[in-house]
Amino acid sequence: MSPKKKTAKTSIRLVKGMKDILPTEQHIWDFVRSRVESVARDYGFMRIDTPIVEFTQLFKKATGEETDIVSKEMYSFVDQSGDRLSLRPEGTPGVIRAYIEHGMLNQPQPVKMFYIGPQFRHDKPQAGRYRQFWQFGFEAVGDADPIVDAQIIAMNYNILRDLGLDIEVQINSIGDKHCRPKYFKALTQYYKNKKKDLCVDCTKRLLKNPLRLLDCKVKGCQELAEEAPQMVDYLCEDCNKHFTTVLEYLDEAEVKYNLNPKIVRGLDYYTRTTWEIVESNQDGKLQALGGGGRYDELVKLLGGRETPAIGFAMGMERIINKIKEKEVVLPEVWRPDVYLAQLGIEARRKSLKLFMDLRQGGLTVSEDFSKNGLKDQLELANKKNARYVLILGQKELVDGTILIRDMESGVQETVDHKKVVKEVHKRLASKMNDKSLKIKTTKKV
Ligand code: AMP
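Quick notes on the rules
Residues numbered from 1 in each chain as written. Predicted model: local features only at pLDDT ≥ 70, side-chain atom pairs only at ≥ 80, totals over all residues. Heavy atoms only, no water. Buried < 20%, exposed > 50% of the residue type's maximum accessible area, 1.4 Å probe, protein only. Helix = DSSP H or I, 4+ residues; strand = E, 2+ residues; numbered from the N terminus. Pairing = 2+ DSSP bridges. Phe/Tyr/Trp six-rings, centres within 6.5 Å; stacked < 30°, edge-to-face > 60°.

Chemist: Would you mind showing me how to read the pairing of strand β11 (residues 309–315) here?
Modeler: The side chains of a regular strand alternate, first on one face of the sheet and then on the other. Of all the seven residues making up β11, seven are buried; the element is thus mostly covered by neighbouring parts of the structure. Residues A309, G311, A313 and G315 line one face of β11 and the alternating positions I310, F312 and M314 line the opposite face, and both faces are buried. In this structure, strand β6 (residues 132–141) lies alongside β11, joined through seven bridges in antiparallel fashion. Within β11, the position partnered with A140 by the bridge is I310. The sheet contact formed by strand β10 (residues 286–294) and β11 spans five bridges and is antiparallel. The partner of G291 across the bridge, within β11, is A313.

Next comes the structure, spelled out in structure tokens:
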């Protein structure tokens with residue numbers, strides 16, 4: 001497809017569908033990242049970072065040439081060496097490529113990995129949908145046991161609950177290569193006389209992948225999908241046993257779920273268990289925060305030996321929007337132990353070194369050295385929620401002292417300049433002892 005010529009003058013601005021994550025938002029992103037990392041540690045998942053750019057062929061093969069993501073939305077280009085490359089539209093293909101390429105098949109299985117990073121899809125931008133967006137994802141490669149499905153779904157559920165969101169798992173099984181052909185036949189038969197009522201995309205899907213008709217977003221297609229045959233009625237014995245065992249485990253783990261025969265996921269590689277995690281919107285509409293599934297054929301498809309696997313990906317912008325919308329109470333953000341205020345040219349000169357000494361002494365510090373007045377600096381220290389302010393003025397310089405001001409009580413004491421690090425630590429320790437009986441302060445988004 002040749003790119004459309006832009007007639008308007010290009011100006012320096014944000015590319016359509018992209019988003020800046022501003023400093024004021026970073027504490028929410030940090031909060032989500034740290035919860036993801038902490039859950040990953042608990043469940044034994046190790047971080048993997050794969051490149052943003054991969055050979056286009058990887059996504060064509062793994063995600064599927066007929067999927068919207070690959071056929072319509074990929075950012076693809078030919079580089080200076082003539083290689084056909086794409087910005088990754090999703091994380092799983094790169095992780096599986098790395099699993100095969102680095103011989104992880106020879107490690108104890110399952111190999112459990114997680115990632116956090118941007119993905120790129122040239123989709124129609126709208127609320128909650130961007131062209132660059134972030135996902136975190138988890139993959140457990142090398143184990144077919146239904147307990148792995150249940151554990152990864154429970155983990156997915158717990159991450160979002162730990163983030164303060166009220167969510168529910170919608171789950172389905174889409175069978176495997178043994179039982180799916182029979183179901184496809186039944187689906188095709190069902191849609192045979194209804195082609196005229198399908199959208200253009202679905203008439204194509206009917207030939208290539210009839211499963212995709214079930215999750216089409218067009219109203220008419222959705223209505224038809226309501227009455228369509230359901231995969232669960234066509235599962236072979238093994239797939240059926242696998243699915244019922246997963247559900248039993250989820251019941252045991254008290255994970256809230258609903259059976260939803262339309263959760264087929266948009267990608268070609270899924271087998272057996274598929275799920276999405278949804279949270280209701282303010283208008284009562286369910287919005288998917290992410291989803292996942294088994295993909296027992298993918299490793300082999302990409303050149304490895306037959307290896308079962310399962311994983312999920314969550315959209316970070318959507319999760320962060322939910323956290324903001326629900327005003328989830330976040331843990332206390334970073335706050336400095338001390339704020340260094342200086343008065344006069346000589347004190348400012350000495351402050352640079354003192355600031356380094358405070359940091360090396362294990363204190364968290366803050367400053368605004370370009371400010372001169374004490375009032376301004378105290379206001380800023382207050383804004384930054386500093387526990388103590390150190391005040392270095394002309395008099396203190398001459399005396400070899402420094403003033404410590406407790407920002408909670410307002411009490412000020414003069415201490416020996418050389419002992420300042422020790423003095424601050426002493427006060428922090430006694431504050432901690434005092435506070436250990438009180439409830440930790442929290443801050444709203
Ligand atoms: P998918 O990889 O399509 O299954 O998407 C998993 C999750 O990623 C979705 O439920 C969304 O939360 C998020 N996501 C997918 N596409 C976008 C997008 N264009 N912009 C923002 N988030 C997205």
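Chemist: Teacher, can you tell me more about the pairing of strand β5 (residues 111–120) here?
Modeler: Burial runs high along β5: nine of the ten residues are buried. Looking at chain direction, strand β1 (residues 46–47) and β5 are connected through two bridges and run parallel. By the bridge assignment for β5, M46 is matched with M113. Judged from the ten bridges that link them, β5 and β6 form a sheet pairing that is antiparallel. Looking at β6, one finds that Q119 is bridged to F133.

Chemist: How should the packing of aromatic side chains be read in this particular structure?
Modeler: How two aromatic rings sit relative to each other is set out by the distance from centre to centre and by the angle between their planes. The tally for this structure, following the rule as stated, stands at eleven aromatic pairs. Geometrically, the ring pair formed by Y183 and Y234 is tilted, given 5.4 Å between the ring centres and 50° between the ring planes. Note that Y183 is positioned in helix α6 (residues 180–191) and Y234 in the loop between α8 (219–226) and α9 (237–252), a separation of 51 residues in sequence. By relative accessible area, Y183 is classed as buried at 1%. On the basis of relative accessible area, Y234 is assigned to the partly exposed category, the value being 26%. Site record: aromatic cluster; members linked through ring pairs are F45, F114, F136, F138, W275 and F312.

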